[in-house]
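# Observations on the model geometry
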Amino acid sequence: MRIALYQPDIPQNCGALIRLAACLGVGLDIIEPCGFLLDDRRLRRAGLDYHGLGEVCRHRSWEAFRSALWPNPEAAGPGAGAPRLLLLTTGGDRPYTDFAFAATDILLLGRESAGVPPEVHAVADARLVIPLRPGRRSLNVAQAGAMVLGEALRQTGGFRSGDRASDGASDGASDQAGKADEGADR
Ligand SMILES: C[S@@+](CC[C@H](N)C(=O)[O-])C[C@H]1O[C@@H](n2cnc3c(N)ncnc32)[C@H](O)[C@@H]1O
């Protein structure tokens, strides 16, 4: 299971997703260009000390990401044995709660300002929606990612029952650093 971020705009959201991926043990792909520098202090702050704990891959463009995912499109394009690309979108046609996830799936999140362009929408193996109450536009991208990743890991046995959140001293040390900054959540 991986999460992919399409041209993220907001460093705090990207940092929160880096933290989410590190905590739950999934890889994260960042598809550039981003709306901020990847050494942005707001991104580092939101990701706390989780930056070194996860696997983060940067791709310089959508095309570079696709080549990394499907190196030989003739032999193994989408739906032909390659990992499935599942787009999370407010324009989705399938509720994520009705979808059968696989451990090799990639959950693609759109940019905060504009989602993804039509060509990216078209190439996804599935377009999943988190149903919202009428008149509501969308969720925060990190919250949407957390909801769907949680369900995907639950279905595929991705949560290891022996794992527990740490309440040890190392968390406390990073907590103090964060509090000094802006009273961020831990
Ligand atoms: C703030 S939303 C973007 C809204 C944008 N206007 C659009 O049409 O996609 C940022 C991203 O969060 C995810 N997201 C937010 N709400 C969602 C929902 N209800 N269902 C599925 N994905 C959602 C999508 O990946 C979306 O591209």
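Residues numbered from 1 in each chain as written. Predicted model: local features only at pLDDT ≥ 70, side-chain atom pairs only at ≥ 80, totals over all residues.

## Concerning the overall build of the protein chain
Along its length, the protein chain carries six helices and seven strands. The secondary structure elements of the protein chain, listed N-terminal to C-terminal, are β-α-β-α-β-α-β-β-β-α-β-α-α. Taken over 186 residues, the protein chain has a buried fraction of 28%. A separation threshold of at least 6 residues defines the contact pool for the protein chain, and within that pool the share at least 24 residues apart is 76%. (Helix = DSSP H or I, 4+ residues; strand = E, 2+ residues; numbered from the N terminus. Buried ≥ 20, exposed ≤ 12 C-beta atoms within 10 Å, placed from the backbone. Contact = placed C-beta atoms within 7 Å.)

## Remarks on unusual backbone geometry
Across the junction of Glu32 and Pro33, the peptide omega takes the value 5 degrees, indicating a cis bond. Locating Pro33 in the fold gives a position in the loop between strand 2 (27–31) and helix 2 (41–47). The phi dihedral of Gln7 falls on the positive side, at around 45 degrees, and the residue is not glycine. Residue placement: Gln7 occurs in the loop between strand 1 (2–6) and helix 1 (11–24). Take Gln7: there are 20 C-beta atoms within 10 Å of it, and that puts it in the buried class.

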